[in-house]
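Here is how the chains run, residue by residue.
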Amino acid sequence: MSPSPVQAVGTPAQAKRQALQDHILAVVQDRQLAGVGVAMGVGKTLIGLRDMARLLASSRLSGSATKSFLVAAPTQAILDSWPLEARKFGLAHLLDQVEFTTYRSLSKTLSIGRYHKLYLDECHALKDSHEPSLKIHVAQQNSILGLTGTPPAQADSEKGRLVATYCPMLIDYTTDEAVLAGLLNDYRLVVHRLSLSSVRDYVVSFQSGSQFTTSERESYQYWSTRLANAAQDALPVETLRLLRMQALMHFPGKGRYMAHLASQFTEKVLLFTCNQQQAEQQAEYTYHSKNKDSQANLAKFNTGEIQRLACVAQLSEGINIPQLRVGIIWHAFGNERKAAQRIGRLLRLNPEETATVHLLMYQDTVDEHWVAQALAAFDPTKISYVDASRQYLGC
């Protein structure tokens, strides 16, 4: 009998990937509550589907249930990948047993239906509001399998506590482990150090409609001074930090430098910006929630019809782009998970190839701390730093 699509292996990388999945499935097999952290590109969705197939084949499901399985994810784009993967690997028969919901509707879905097993895709997105329904699901002796590429780094955070309680990580297989094993292509991280501009060309707008013009350097010094004197300030310190971060994210220097950097490449370049306006300024084709042509633009980018795509955060999760070797990230957010997701978009090449991620950073500012946090989980030997030419910063 010929092997099924799930069983079939071709390249050494595919054989290693299947062996890793087999190991993970064996580890979680008899656990009511389990979590799996695996690098993007290892087959997170397929692990969930294969676990469903194992449960159905073992005839271990009994009692009444709305459907056997419930899959929850932060976005519809991630949910849409499950049926695609099921059909790709010969597991389409599972879909009759599966219901899908976003995290926004997870509590409501669990309250009106009963499921033998809940699959939490991107389980790091859990919130405290989900806990009551998760408690009821577990109390009914039903199971949970959490899947994520980026387990919460802080155990005492909201996400860390929820993951540890409802899908404790039994496996944490990192991006660098996958690269070393030949499952993912290699990567380089290049941090570009930008100087704050002293040119007064940064326009600050208020809700009232009034505006004034200052420089990046003056604006940063203003917010840093207010933070230094936060004890006497009318605004809470967290608000002041947020306002300083928003100022840094909107400074025009990174926009000018990103456009220059992107122009140096003739191949595909994915541009991660902070907001829709920045995306529209960086590229003719964009992907964001207010662009009705987003999906069409992504399709053109996937096929190579266009070479530039500027996007906002929602492209970080659940979307794979073939033959993408170059990415540029405007802002690090000081968030290891967001950095890993964005870098993960570029780890879909053949294992012998190398992707390059460029990260823009204002030197001598809090941006340096955010970048260090964002890259903390990555191999330091793959990270290099270059000084951005002031010629392209408008300094």
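Residues numbered from 1 in each chain as written. Predicted model: local features only at pLDDT ≥ 70, side-chain atom pairs only at ≥ 80, totals over all residues. Heavy atoms only, no water.

Caption draft 1: Highlighting the overall build of the protein. Counting secondary structure elements, the protein contains 14 helices and 15 strands. Here the contacts in the protein between residues at least 6 apart in sequence split such that 73% fall between residues at least 24 apart. (Helix = DSSP H or I, 4+ residues; strand = E, 2+ residues; numbered from the N terminus. Contact = heavy atoms within 4.5 Å.)

Caption draft 2: Spotlight on the layout of surface pockets. The calculated volume of the second largest pocket comes to roughly 780 Å³. In terms of lining residues, the second largest pocket is bounded by 25 residues, among which Tyr 202, Val 203, Val 204, Ser 205 and His 250 are the most central. When contributions to the lining of the second largest pocket are tallied by element, the ones reaching two or more residues are strand 8 (202-205), strand 9 (211-214), helix 8 (216-228), helix 9 (237-250), helix 10 (252-262) and helix 11 (276-282). Each residue belonging to the lining of the second largest pocket can be placed in one class, and the counts come to 12 nonpolar, 11 polar and two charged. (1 Å grid on protein atoms, 1.4 Å probe; cavity = no way out; pocket = protein on both sides within 12 Å on 5 of 7 lines; lining within 4 Å. Points joined across faces, edges and corners; volume = space filled by probe spheres on them. Nonpolar A, V, L, I, M, F, W, Y, C, P; charged D, E, K, R; others polar.)

Caption draft 3: Spotlight on unusual backbone geometry. A positive phi angle, near 65°, is found at Gln 141, a position not held by glycine. Here Gln 141 lies in the loop between helix 5 (131-139) and strand 5 (143-148). With a relative accessible area of 63%, Gln 141 lands in the exposed category. We note that Asp 364 has phi near 60°; this positive angle belongs to a residue other than glycine. Within the fold, Asp 364 resides in the loop between strand 14 (354-362) and helix 14 (367-374). (Buried < 20%, exposed > 50% of the residue type's maximum accessible area, 1.4 Å probe, protein only.)

Caption draft 4: The packing of helix 5 against helix 6 (residues 158-166), seen in detail. At a minimum axis distance of 12 Å, the contact between helix 5 and helix 6 shows a crossing angle of 10°. One finds that helix 5 runs roughly parallel with respect to helix 6. Contacts from Glu 131, Leu 134, Lys 135 and Val 138 of helix 5 reach helix 6 at Arg 161, Leu 162 and Tyr 166. Grouping the constituent residues of the contact of helix 5 with helix 6 by class yields four nonpolar, no polar and three charged. (Axes fitted to C-alpha atoms, helices over the stretch in contact; angles between N-to-C directions. Parallel < 35°, antiparallel > 145°, perpendicular 65-115°, else oblique.)

Caption draft 5: View of the nonpolar core. Counting 33 residues, the largest nonpolar core has Leu 248, Phe 251, Leu 271, Ile 328 and Leu 360 as the members making the most contacts within it. Contributions of two or more residues to this core are made by strand 8, helix 8, helix 9, helix 10, strand 10 (269-272), strand 13 (326-329) and strand 14. In terms of residue count, the dominant contributor to this core is helix 9 (five residues). In this structure Leu 360 touches His 192, Leu 194, Lys 254, Tyr 257, Met 258, Leu 261, Ile 328, Ile 329, Trp 330 and Asp 367, once residues within four positions along its chain are discounted. (Core = buried A, V, L, I, M, F, W, Y, C linked by side-chain atoms within 4.5 Å.)

Caption draft 6: Just empty space enclosed by the protein, in detail. Within the structure shown, the criterion is met by two cavities of 30 Å³ or more. Roughly 40 Å³ of volume is contained in the second largest cavity. Along the walls of the second largest cavity sit Leu 110, Gly 113, Arg 114, Tyr 115, Ser 133, Ile 136, His 137, Gln 140 and Asn 142, which together make up its complete lining. At three residues, the largest contribution of residues to the lining of the second largest cavity is made by helix 5.

Caption draft 7: View of the environment of Ile 343. In this fold, Ile 343 is placed in helix 13 (residues 336-344). Ile 343 sits 156 residues away from Tyr 187 along the chain, and the two C-alpha atoms are 8.7 Å apart. Contacts of Ile 343, omitting those with residues within four sequence positions, involve Leu 189, Val 357, Leu 375 and Phe 378.

Caption draft 8: Seen up close, the pairing of strand 4 (residues 115-121). Within strand 4, seven of the seven residues are buried, which leaves the element mostly enclosed by the surrounding structure. Sheet analysis places strand 2 (residues 67-73) next to strand 4, joined by five bridges and oriented parallel. For Phe 69, the partnering residue across the bridge sits in strand 4 and is Lys 117. In the sheet, strand 4 pairs with strand 5 via five bridges, with the strands oriented parallel. (Pairing = 2+ DSSP bridges.)

Caption draft 9: Focus on the packing of aromatic side chains. Overall, the coordinates contain six aromatic pairs when judged by the stated rule. Members of the aromatic cluster, connected to one another through ring pairs, are Phe 69, Trp 82 and Tyr 119. Over the face of the ring belonging to Phe 301 we find Lys 268, whose NZ or CZ atom lies 5.4 Å from the ring centre. The cationic tip of Lys 382 hangs over the ring face of Tyr 187; the distance from NZ or CZ to the ring centre is 5.4 Å. (Phe/Tyr/Trp six-rings, centres within 6.5 Å; stacked < 30°, edge-to-face > 60°. Lys NZ or Arg CZ within 6 Å of the ring centre and 35° of its normal.)

Caption draft 10: Representation of the pattern of salt bridges within the structure. With the rule as written, the count across this model stands at 15 salt bridges. One salt bridge connects Asp 128 with Arg 161, and the closest N-O pair in it is separated by 2.9 Å. Note that Asp 128 is positioned in the loop between strand 4 and helix 5 and Arg 161 in helix 6, a separation of 33 residues in sequence. Taking relative accessible area as the criterion, Asp 128 reaches 38% and is therefore assigned partly exposed. On the basis of relative accessible area, Arg 161 is assigned to the partly exposed category, the value being 34%. (Salt bridge = Lys/Arg side-chain N within 4 Å of Asp/Glu carboxyl O.)

Caption draft 11: Up close: the sheet that holds strand 2. Pairing in this open sheet of six strands is parallel, and the strands run 3-2-4-5-1-6 from one edge to the other. Pairing within the sheet leaves two strands with one partner each, and these edge strands are strand 3 (98-102) and strand 6 (169-173). With direction set aside, neighbouring strand axes in the sheet form an average angle of 15°. Across the sheet, helix 3 (residues 76-88) is in contact with strand 2, strand 3, strand 4 and strand 5; its angle to strand 3 comes to roughly 165°.

Caption draft 12: Quick peek at helix 5. The set of residues buried in helix 5 consists of Glu 131, Ser 133, Leu 134, His 137 and Val 138. Projected down its long axis, helix 5 shows its buried positions confined to an angular sector of 160°, all on one face. Seen from the open side of helix 5, the exposed residues pointing more than 90 degrees away from its buried face are Pro 132, Lys 135, Ile 136 and Ala 139. Along its buried surface, helix 5 packs onto strand 1 (33-38), helix 4 (106-112), strand 4, strand 5 and helix 6. Just past helix 5, the residue Gln 141 takes up positive phi, approximately 65°. (Arc of directions from axis to C-beta.)

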